[in-house]
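# Results of the structural survey
Single-letter residue listing:
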Amino acid sequence: KKMKIKFFGFLVFLSLAFTYLNAQQPYNLIFNHSYQHIERDLYNSDSRFHTAIKPYLKNQTDTISNYDDVLQIETTKKIWDIVFNKSLIKKKYKHFEFSIDPAINLELGFDNDYDQKSWVNTRGIFIRAGIGDNFAMGTQFLENQAMFNDLRNDRIKQLTQRVIPGQGLSKIFKQKPNGYDYYFSDAYISYSPSKYFNFQLGTGKNFFGDGYRSLLLSDNSFNYPHFKITTDIWQIKYVNLWAQFQHLRDSRPDVAMNTKKWGAFQYLSWNVTQWLNLSLFEAVIWRDQDSIRGHRGFDIHYANPVIYLRPVEWCVGSPDNIIVGAAGKITLLKKTALYGQLVFDEFKISELRKRDGWHGNKWGIQAGLKSYDLFSVERLDFQTELNVVRPFMYSHDPVTNYTHFNQPLAHPLGSNFAEAVTFLRYGYKRLFFDVQLIFAKHGADTANLNYGNNLFLPYSTYAQNYGNKFFQADEVNLKILNATVSFLINPAYNLNVYTGIIVRNETSSTINRQQKLIVFGIRTSLHNFYWDF
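Residues numbered from 1 in each chain as written. Predicted model: local features only at pLDDT ≥ 70, side-chain atom pairs only at ≥ 80, totals over all residues. Heavy atoms only, no water.

## Here's the deal with the overall build of the chain
Broken down by element type, the chain carries seven helices and 28 strands. Here the chain has a C-alpha radius of gyration of 23 Å; the compact-globule value for 533 residues is 24 Å, and the two agree. Taking the principal axes of its C-alpha atoms as reference, the chain extends roughly 70 × 55 × 55 Å. The buried share of the chain, reckoned over its 533 residues, is 56%. Carbon and sulfur atoms make up 61% of the accessible area of the chain, which totals about 23,800 Å². Averaging the locations of the 59 positively and 47 negatively charged side chains of the chain gives two centres separated by 3 Å. (Helix = DSSP H or I, 4+ residues; strand = E, 2+ residues; numbered from the N terminus. Rg over C-alpha atoms; globule rule 2.2 N^0.38 Å. Buried < 20%, exposed > 50% of the residue type's maximum accessible area, 1.4 Å probe, protein only. Areas by Shrake-Rupley, 256 points an atom, 1.4 Å probe, with all protein chains shown as cover. Lys, Arg positive; Asp, Glu negative; His and termini not counted. Charge placed at Lys NZ, Arg CZ, Asp CG, Glu CD.)

Printed below as a string of structure tokens:
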């Protein structure tokens, strides 16, 4: 707690240091799949916006669509304007402004496989501040207690050490095996000295991609400290991201600080035309210390911002985990976009041509479509995508695998899977309907052998050199239906009341599980927390 207080004090100090800097402030917009109010404008081909780099900056989206005016309700009294349109507390002075809002999730749930009801009790605070036109900061802190007497408890058990998906470690609540006590916090400072550059330092998440999932870098895992430089020149946006991650598998679950590792990422996005975007990606993960070089910490060699320089090191025998990829988007008829990703961990052209299932051909591919105002019905939106990942993709050694806090940094299913996910969304004023359907198939490792699904098994322990194929070992079939109806009370911080149902069927040679969860609640949807895996 002392460290958190010191870090917050550091943010305040930096804020005051930039008081007289002289464009809108570079806030990070809330990134939640269900409430992307301005996304339909960003995906319009006329905007030429770099939609794959998230979270978005407010000073950039304001040039296309005014976030503050979306879904506003006309009111005659200030109190109702605060309830339905504005932040709970918002002050603006000559060079300084700030807002304070509650962050909550009060939920009640019922699962047919459990005798007792589920509940979530989240209370917290969400703060944003800006100084001058170049500097912004944001932070939030959530205190959570939950009783997951439902299908979500099974997902937590899969991750081990009582890790809550996307929300970090927990401790036992009231001596109940299904009771969880955990906190969630993030913070960032954002500085744009000009329209060409943005610098961010903080703890949080990043997302590269136009899809619901990302095979490059997603917001699936827990928050992590990072430093990010975004360069925006002509039709090119280039992100350099450096981050510190944690590996939990070799540590006691009650120890907060575990084995550290580092990551360096580059994402280059080029809007070739109004309708075509092409992007390049690379990432490298390395140990904080190893048996050969001892303590490495942040390796200064990876401060080099030039993309695709890492594969050169890999070719000469670097022990670090290197991943490269590419992405693209084609915008059709202004309101429809085709998008995709291609990612490689390791491959040989000669082995690919043989098509004999060599274990080292590690790749993944995504293809998707999203369309707004489907059939000319305003705010009827459709999205569908296919994600396919080969066995052993993202794996390396148990520390430098592509994970953080026991979860993949990309897709929550890890590797050795195929998934089709489809959404149909409709909004009428502030009423939202959201239906999600998932069909997935993956191979689960069995008999203590490594068939390429578990990213935490050493890559060198593969069960077979050749003959590897999709869904090998124990083939698991997964079907998920998730339907939600919500009413957005206040779009300033996504306060909404909601009800929903999740139906999950999972079958294999050893599993036949059918579950249903019904939930009711009120929440602030500030993040994406994924239970659909």
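## Considerations on the environment of Thr 336
In this structure, Thr 336 sits in strand 19 (residues 336-346). According to the relative accessible area criterion, Thr 336 is buried, its value standing at 17%. Through-space distance from the C-alpha of Thr 336 to that of Leu 488 is 25 Å; in sequence the pair is 152 residues apart. With sequence-adjacent residues up to four places away left out, Thr 336 is seen in contact with Ile 330, Thr 331, Leu 369, Lys 370 and Ser 371. Looking at Thr 336, its side chain comes within polar contact range of the side chain of Ser 371, at 2.9 Å. (Contact = heavy atoms within 4.5 Å. Polar contact = N/O pair within 3.5 Å; in protein donor to acceptor, adjacent residues only side chain to side chain.)

## Focus: empty space enclosed by the protein
In this structure, the largest cavity occupies an estimated 420 Å³ of space. As for the largest cavity, its lining consists of 26 residues, of which Asn 28, Pro 55, Asp 186, Lys 205 and His 527 are closest to the centre. Among the elements of the structure, strand 4 (118-131), strand 5 (135-147), strand 9 (176-194), strand 10 (197-204) and strand 12 (224-233) are those that each provide at least two residues to the lining of the largest cavity. Taken as a whole, the second largest cavity holds about 100 Å³ of empty space. Phe 49, His 50, Ile 53, Pro 55, Tyr 56, Leu 57, Gln 60, Asn 198, Gln 200, Lys 228, Thr 230 and Lys 237 are the residues that line the second largest cavity. Of all the elements in the fold, those that place two or more residues in the lining of the second largest cavity are strand 10 and strand 12. When its residues are assigned to classes, the lining of the second largest cavity shows five nonpolar, five polar and two charged. (1 Å grid on protein atoms, 1.4 Å probe; cavity = no way out; pocket = protein on both sides within 12 Å on 5 of 7 lines; lining within 4 Å. Points joined across faces, edges and corners; volume = space filled by probe spheres on them. Nonpolar A, V, L, I, M, F, W, Y, C, P; charged D, E, K, R; others polar.)

## Re a nonpolar patch on the surface
On the surface, Tyr 196, Phe 197, Ile 233, Trp 234, Trp 270 and Leu 278 cluster together to form a nonpolar patch covering roughly 630 Å² of accessible area. Structurally, Leu 278 is set in strand 15 (residues 276-287). We classify Leu 278 as partly exposed; its relative accessible area is 41%. (Patch = residues over 30% accessible without salt bridge, like charges linked within 9 Å, V, L, I, M, F, W, Y side chains within 5 Å. Salt bridge = Lys/Arg side-chain N within 4 Å of Asp/Glu carboxyl O.)

## A look at the side chain of Gln 383
In this fold, Gln 383 is placed in strand 21 (residues 380-389). Of the polar contacts made by the side chain of Gln 383, one reaches the side chain of Tyr 339; its length is 3.0 Å.

## Some remarks on the nonpolar core
Membership of the largest hydrophobic core comes to 44 residues, with the highest contact counts inside it found for Leu 217, Phe 265, Tyr 267, Phe 281, Tyr 394 and Tyr 402. A per-element tally of this core places strand 13 (residues 236-247) first, with four residues. Ile 30, Leu 142, Phe 405 and Ile 489 belong to the second largest nonpolar core, which has 15 residues in total. (Core = buried A, V, L, I, M, F, W, Y, C linked by side-chain atoms within 4.5 Å.)

## Side note on the pairing of strand 25 (residues 431-444)
As defined by bridge partners, strand 24 (residues 417-428) adjoins strand 25 across twelve bridges and the pair is classed as antiparallel. From the neighbouring strand, Ala 418 faces strand 25, where its bridge partner is Lys 441. Inspection of the sheet shows strand 25 paired to strand 26 (residues 474-490) by 14 bridges, in the antiparallel sense. Within strand 26, the position partnered with Ile 438 by the bridge is Ile 480. (Pairing = 2+ DSSP bridges.)

## Observations concerning the pattern of salt bridges
One pass over the full model with this rule turns up 24 salt bridges. The partner of Lys 237 in a salt bridge is Asp 232, with the nearest N and O atoms 3.6 Å apart. Across the pair, exposure class does not vary: Lys 237 and Asp 232 are buried alike. Beyond isolated ion pairs, a larger network of salt bridges with shared partners links Arg 40, Lys 335, Asp 373 and Asp 381.

## A word on the confidence of the model for the chain
The predicted model of the chain averages 90 in pLDDT, with 91% of residues at 70 or higher. Taken as a whole, residues 1-23 scores under 50 in pLDDT and shows 28 contacts with residues more than four places along the chain or in a different chain. Counting contacts from residues 251-256, a segment whose pLDDT is below 50, to residues more than four positions away or on other chains yields nine contacts. (pLDDT = per-residue confidence, 0-100.)

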